[in-house]
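Letter by letter, the chains look like this.
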Amino acid sequence: MTIQEAMREVRMKNRQAERRKGVRSEDFVDNALDLLAKNGQITTFWHGSYQEDQDGVDFRIQMVDGTEKDLQVKSSLYYMTRFKIYHPFIPCIVVNPDENITSLSKRLWYLIR
């Protein structure tokens, strides 16, 4: 195996690890949004369509007053900073894997209300 092939393999493994981290973050936010819905703070939520995801929207949230809000989920502050350059008006939350669901749902509520 050449150095270039080894480096390509390392980059591919890093990308796969980042994707898994992102999926875990979205699952955690899904649970936190579910808690907000059960508490009556939001009406409902759903994952954005493929096109919405390409446009920077991971979740669509329907508020109690009927308005809809977008949400982007990131697994690091670095990626959130990069995201905000291109999508300054879409609320974005960074998920801390050590955070509990109650804390995350409070931060979400503060962000989207």
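Residues numbered from 1 in each chain as written. Predicted model: local features only at pLDDT ≥ 70, side-chain atom pairs only at ≥ 80, totals over all residues. Heavy atoms only, no water.

Novice: How do you make sense of the overall build of the chain when you look at a structure like this?
Specialist: Looking only at helices and strands, one finds four helices and four strands in the chain. Its helices and strands in sequence order give the chain the pattern α-β-α-β-β-α-β-α, from N to C terminus. With the C-alpha coordinates of the chain rotated into their principal frame, the extents come out at 60 × 30 × 20 Å. A sequence separation of at least 24 residues applies to 38% of the contacts in the chain between residues at least 6 apart. Accessible surface computed for the chain: about 7600 Å², of which carbon and sulfur atoms make up 54%. The chain carries 17 positive and 16 negative side-chain charges, and their two centres are separated by 6 Å. (Helix = DSSP H or I, 4+ residues; strand = E, 2+ residues; numbered from the N terminus. Contact = heavy atoms within 4.5 Å. Areas by Shrake-Rupley, 256 points an atom, 1.4 Å probe, with all protein chains shown as cover. Lys, Arg positive; Asp, Glu negative; His and termini not counted. Charge placed at Lys NZ, Arg CZ, Asp CG, Glu CD.)

Novice: What should I look at first to understand the nonpolar core in this one?
Specialist: A general trend in soluble globular proteins is that nonpolar side chains are found buried together. Counting 17 residues, the largest nonpolar core has Val29, Leu33, Ile42, Ile61, Leu71 and Leu108 as the members making the most contacts within it. The element that contributes the greatest number of residues to this core is helix α1 (residues 3-38), accounting for five residues. Not counting the four nearest positions on each side in its chain, isoleucine 61 is found in contact with Leu33, Ile42, Thr44, Phe45, Thr67, Glu68, Lys69, Leu71 and Ile112. (Core = buried A, V, L, I, M, F, W, Y, C linked by side-chain atoms within 4.5 Å. Buried < 20%, exposed > 50% of the residue type's maximum accessible area, 1.4 Å probe, protein only.)

Novice: What am I meant to see in the environment of glycine 66 here?
Specialist: Relative to the helices and strands, glycine 66 is located in the loop between β2 (59-63) and β3 (68-74). Judged by relative accessible area, glycine 66 falls into the partly exposed class, the value being 41%. A sequence separation of 24 residues divides glycine 66 from isoleucine 42, and the C-alpha atoms of the two residues are 9.2 Å apart.

Novice: Help me understand the environment of glutamine 72 in this model?
Specialist: With respect to the helices and strands, glutamine 72 occurs in strand β3. Owing to a relative accessible area of 5%, glutamine 72 belongs among the buried residues under this scheme. Sequence separation between glutamine 72 and isoleucine 93 is 21 residues, and the spatial gap between their C-alpha atoms is 6.5 Å. In contact with glutamine 72, not counting residues within four places along its chain, are Gly56, Val57, Asp58, Phe83, Ile90, Pro91, Cys92 and Ile93. In terms of polar contacts, glutamine 72 uses its side chain to reach the side chain of lysine 74, at 3.5 Å. (Polar contact = N/O pair within 3.5 Å; in protein donor to acceptor, adjacent residues only side chain to side chain.)

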